[in-house]
Amino acid sequence: MIQTAGAVSLNTYVQGQGFPILAIHGHPGSGRSLSVFTNHLSKRFQTFAPDLRGYGKNRYQGNFAMTDHLTDLEALLNRFAIEKCLILGWSLGGILAMELAFKMPERVTGLILVATAARPYGSHPPITWQDNLYTGIAAILNLIKPSWQWNIDTFGKRSLFRYLIQQHTATAYKYIAQEAVPAYLQTSAAATRALSTALRSKYNRLTELDHINCPSLVLAGAQDRHITAESSLETARHLKNSQWQCYPNTAHLFPWEIPHQVLSDIDHWLETHPQVMRS
């Protein structure tokens, strides 16, 4: 087994059998928060959904850089003897997916980029104390009684959830209760610092995207305030072999708003791009 210097051994949720798919979560997040994808894809493929350094069960107190995630992910591929894989990345996970395609093009057969961009920018309004108050109440009540309509109408639609989702459905709130809130509570201060440092550096890889030759599927929510649909479209246009899909009346967490539509579109893309599933 090849050892990767300085790497953290990532807690990883492995499901299914078949061609490997590496699923990378965003911030805050964990491997569990990708279940909307892995529970479906693992019926035909083998999915690997790690907790990144400083997230989920990978508690990490010391400071680290975003590039350390790449070291950890390369070590994960080596540990599981994955020579080639398709990568699905959501938000920050999509940025890491593109970086892995830059770093090891011979191992990445395709990219599914969800609510992400190579030059990410947002349009999030300033956050008020009322936003934080209503978000805290909505989150706690939703943990106690997931998808309670009174809570959704009274607090959820007035909380910061309104910028993360557009369709305040029972399904979306179930995912928020089961996966978003636990992931938020398990995200370390070190992980937040690493992301903040990277954001201040004005990350922009648009001009290098022509170095990525594998097929890519770029998915976006039309009302995404965290990484705008426009920035995702800009990325899709710079990639050589990309397909773009934008979903109306959805936001950053659109896979939890319209899971069946998103999974159907991923299935169709996989059927029309069989080369991404070849070793």
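To start, this report covers the structure provided alongside it. This one's a predicted model, so the numbers in the text were calculated from it and none came from an experiment.

## Brief notes about the overall build of the protein chain
Thinking step 1. Helix and strand content of the protein chain: 11 helices and seven strands.
Thinking step 2. In terms of overall dimensions, the protein chain is globule-like: its C-alpha atoms have a radius of gyration of 18 Å, near the 19 Å expected for 279 residues.
Thinking step 3. Across its three principal directions, the C-alpha atoms of the protein chain cover 50 × 40 × 35 Å.
Thinking step 4. When each of the 279 residues of the protein chain is scored for burial, the buried share is 54%.
Thinking step 5. In the protein chain, the share of contacts with a sequence separation of at least 24, taken over all contacts with a separation of at least 6, comes to 78%.
Thinking step 6. As displayed, the protein chain has an accessible area near 12300 Å², and 54% of this comes from carbon and sulfur atoms.
Thinking step 7. The positive charge centre, built from 24 side chains, and the negative charge centre, built from 19, are 5 Å apart in the protein chain.

## As for the pairing of strand β4 (residues 85-90)
Thinking step 1. Burial analysis of β4 places six of its six residues in the buried class, the great majority of the element.
Thinking step 2. Taking every second residue as pointing to the same face, both faces of β4 are buried, with C85, I87 and G89 on one and L86, L88 and W90 on the other.
Thinking step 3. Bridging between strand β2 (residues 20-24) and β4 involves four bridges; their strand directions are parallel. Residue pairing in the sheet places I24 in a bridge with G89 of β4.
Thinking step 4. Sheet analysis places β4 next to strand β5 (residues 108-114), joined by six bridges and oriented parallel.

## Topic: the packing of helix α2 (residues 67-79) against helix α3 (residues 92-103)
Thinking step 1. For the pair α2 and α3, the least separation of the axes is 10 Å and the interaxial angle reads 70°. Accordingly, the angle class assigned to the pair α2 and α3 is roughly perpendicular. In the packing of α2 onto α3, the handedness of the crossing is right-handed. Residues H69, L70, T71, L73 and E74 of α2 pack against L96, E99, L100 and K103 of α3.
Thinking step 2. Tallied by class, the residues present in the contact of α2 with α3 amount to four nonpolar, two polar and three charged.

Each value, and the rule that gives it
Residues numbered from 1 in each chain as written. Predicted model: local features only at pLDDT ≥ 70, side-chain atom pairs only at ≥ 80, totals over all residues. Heavy atoms only, no water. Helix = DSSP H or I, 4+ residues; strand = E, 2+ residues; numbered from the N terminus. Rg over C-alpha atoms; globule rule 2.2 N^0.38 Å. Buried < 20%, exposed > 50% of the residue type's maximum accessible area, 1.4 Å probe, protein only. Contact = heavy atoms within 4.5 Å. Areas by Shrake-Rupley, 256 points an atom, 1.4 Å probe, with all protein chains shown as cover. Lys, Arg positive; Asp, Glu negative; His and termini not counted. Charge placed at Lys NZ, Arg CZ, Asp CG, Glu CD. Pairing = 2+ DSSP bridges. Axes fitted to C-alpha atoms, helices over the stretch in contact; angles between N-to-C directions. Parallel < 35°, antiparallel > 145°, perpendicular 65-115°, else oblique. Left-handed = near helix turned anticlockwise from the far one by under 90°. Nonpolar A, V, L, I, M, F, W, Y, C, P; charged D, E, K, R; others polar.

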